[in-house]
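Residue-level structural notes
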Amino acid sequence: MANPTTMITDQVIASELLNTLKASIKNQALALTEISTTDIRNMMMQHFNDTVNAHGRLTDLMIQRGWYQAYNPSAQIHSDLRNASMTLQTTHR
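Residues numbered from 1 in each chain as written. Predicted model: local features only at pLDDT ≥ 70, side-chain atom pairs only at ≥ 80, totals over all residues. Heavy atoms only, no water.

The next subject is the overall build of the protein chain. Along the backbone of the protein chain there are three helices and zero strands. The order of helices and strands in the protein chain, counted from the N terminus, is α-α-α. Sequence-distant contacts in the protein chain: of pairs separated by 6 or more residues, those separated by 24 or more amount to 59%. Just so you have it, the protein chain exposes about 7,100 Å², and 59% of that area is on carbon and sulfur atoms. (Helix = DSSP H or I, 4+ residues; strand = E, 2+ residues; numbered from the N terminus. Contact = heavy atoms within 4.5 Å. Areas by Shrake-Rupley, 256 points an atom, 1.4 Å probe, with all protein chains shown as cover.)

Core analysis: the largest hydrophobic core is formed by six residues, namely A14, L18, L21, L58, M62 and W67. Secondary-structure elements contributing two or more residues to this core are α1 (10-32) and α2 (38-64). The greatest single-element share of this core, amounting to three residues, is contributed by α1. Beyond its immediate chain neighbours, meaning those up to four positions away, W67 contacts D10, Q11, A14, M62 and Q76. Membership of the second largest hydrophobic core comes to five residues, among which are I25, I35, M44 and F48. (Core = buried A, V, L, I, M, F, W, Y, C linked by side-chain atoms within 4.5 Å. Buried < 20%, exposed > 50% of the residue type's maximum accessible area, 1.4 Å probe, protein only.)

Limitation: the analysis is restricted to geometry and does not speak to function.
This is how it looks when you write it as structure tokens:
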């Protein structure tokens, strides 16, 4: 059973989805190099493009909300460390 004091925020969900989309893009790109059937490759290419577009939209949203510091790595690292610390404090109560 989940700890009732644990908060899953929109930022946490968005970050997890962004990581999932990144992994999916890598896997789909690899799969595209293995497909020999034109119709299947075209279908997979459309799915790949949709995933890349979803990644871009989510990245833009996260930047707008201040959840992702794409152009300031040191600020992003600081934010990640702060969020990890808050998560550890919340889960160890």
